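Structural overview for review
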Amino acid sequence: MFRTFDEKAFRQAINDKDFFRLKISMVSAMLGDPTFEHGEAEYVLKTLEEQVPEIFEKYVKLGYEEELERSAWDKRYFTKLVYWFQENFAKERVPYIKEVGQVVHRDTAEQYKRSMMQEETPKVRSKETKAQRVENGNFPIAKAVLAVVALVIVVRVLFKALLG
């Protein structure tokens, strides 16, 4: 059912009350489906509400957090919102993240729909090189964003460990 992470590991994290892994799963679902069209993020959120409600925190505006006017929203802002959600895991943040994601990732959702329609019909394997696929816009953006967020998380954990 899950596209952005391993369901078995998610279920184990629920059983272990592994908040770190569960938060990463939620963040991965949001970044993997920024328009929330596939329902994975909502499913993860509902599962956490039902099975691990203590994971959620009271909403606190972070000192470095910013709120932009709708006209200034972009994909970078969406990624920041998701990061801030991880920092303050408050359910109240999700509707705004969803709204921003649906606006700034509309093109991503349309591209996904087109690719799904193409998968329904048999296709011949292209001999395009990786560089040509990137140049033609066939680069998996969601995976790149996930990689960047994972890197930020790892660096943050290392800093916390080093600083005590």
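All of the points below concern the structure found in this document. Along each chain, residue indices are assigned from 1 in the same order as the chain's sequence is written. Local features are withheld for residues below a pLDDT of 70 in this predicted model, meaning they are given only at 70 or higher, and side-chain atom pairs are given and counted only at 80 or more; totals for whole chains, interfaces and linings count all residues. Each side-chain value is worked out from all heavy atoms of the structure, with water and hydrogens disregarded.

This brings us to the packing of helix α4 (residues 75-87) against helix α5 (residues 94-104). Axis definition: a line fit to C-alpha positions, over the contact stretch in the case of helices; interaxial angles, taken between N-to-C directions, run 0 to 180 degrees. Going along the chain from the N terminus, every DSSP run of H or I of four or more residues is numbered as a helix, and every run of E of two or more is numbered as a strand. Contact geometry for α4 and α5: axes closest at 9 Å, N-to-C directions at 160 degrees. Of the possible angle classes, the one that applies to α4 and α5 is roughly antiparallel. Seen along the crossing, α4 lies across α5 with a hand that is left-handed. Between α4 and α5, the contacting residues are K75, Y77, F78, L81, V82 and F85 on the first element and V94, Y96, I97, V100, G101 and V104 on the second. When describing relative orientation, an angle under 35 degrees is termed roughly parallel and one over 145 degrees roughly antiparallel, while 65 to 115 degrees is termed roughly perpendicular and anything else oblique. In a left-handed crossing the near helix is turned counterclockwise from the far helix by less than a right angle, and in a right-handed crossing that turn is clockwise. Note on definitions: a residue-residue contact is assigned when non-hydrogen atoms from the two residues lie within 4.5 Å.

Let us now look at the pattern of salt bridges. Think of a salt bridge as a Lys or Arg side-chain nitrogen and an Asp or Glu carboxyl oxygen that are within 4 Å of each other. According to the stated counting rule, one finds 10 salt bridges in the structure shown. Note that E7 is salt-bridged to R11, the shortest N-O span being 3.5 Å. Taken as a pair, E7 and R11 lie in helix α1 (residues 7-16) at a separation of four residues, close to a single helical turn. Among the residues examined, E7 registers a relative accessible area of 27% and is labelled partly exposed. Classification of R11 by relative accessible area gives partly exposed; the value is 25%. Among the salt bridges present, the one from R93 reaches E65, with a minimum N-O distance of 2.7 Å. Remark: E65 occurs in the loop between α3 (40-51) and α4 and R93 occurs in the loop between α4 and α5; sequence separation between them is 28 residues. Taken individually, R93 and E65 each receive the classification buried, so the pair is uniform in this respect. Burial classes: relative accessible area under 20% of the type maximum marks a residue as buried, over 50% as exposed, and values in between as partly exposed (1.4 Å probe, protein chains only).

What follows is about the side chain of H105. Mapped onto the secondary structure, H105 falls in the loop between α5 and α6 (106-120). On the accessibility criterion, H105 (6% relative accessible area) is buried.

This paragraph deals with the packing of aromatic side chains. How two aromatic rings sit relative to each other is set out by the distance from centre to centre and by the angle between their planes. When two rings of Phe, Tyr or Trp (its six-membered ring) have centres within 6.5 Å they constitute a pair, described as stacked for plane angles under 30 degrees, edge-to-face for angles over 60, and tilted for the intermediate range. Counted according to the given criterion, the structure contains five aromatic pairs. The interplanar angle of 85 degrees and the centroid separation of 5.7 Å between the aromatic rings of W73 and Y96 together place this pair among those described as edge-to-face. Residue W73 is located in the loop between α3 and α4, and its partner Y96 is located in helix α5; the two are separated by 23 residues in the primary sequence. An angle of 75 degrees between the planes, with centres 6.4 Å apart, marks the rings of Y77 and W84 as edge-to-face. No difference in accessibility class separates Y77 from W84, as the two residues are buried. Grouped by ring-pair contacts, the aromatic residues W73, Y77, W84 and Y96 constitute a single cluster. Two thresholds decide whether a charge sits over a ring: the Lys NZ or Arg CZ must be within 6 Å of the ring centre and within 35 degrees of the ring normal. One residue, K91, lies across the ring of F56, its end atom 5.3 Å from the ring centre.

Just distances and angles here, no functional claims.
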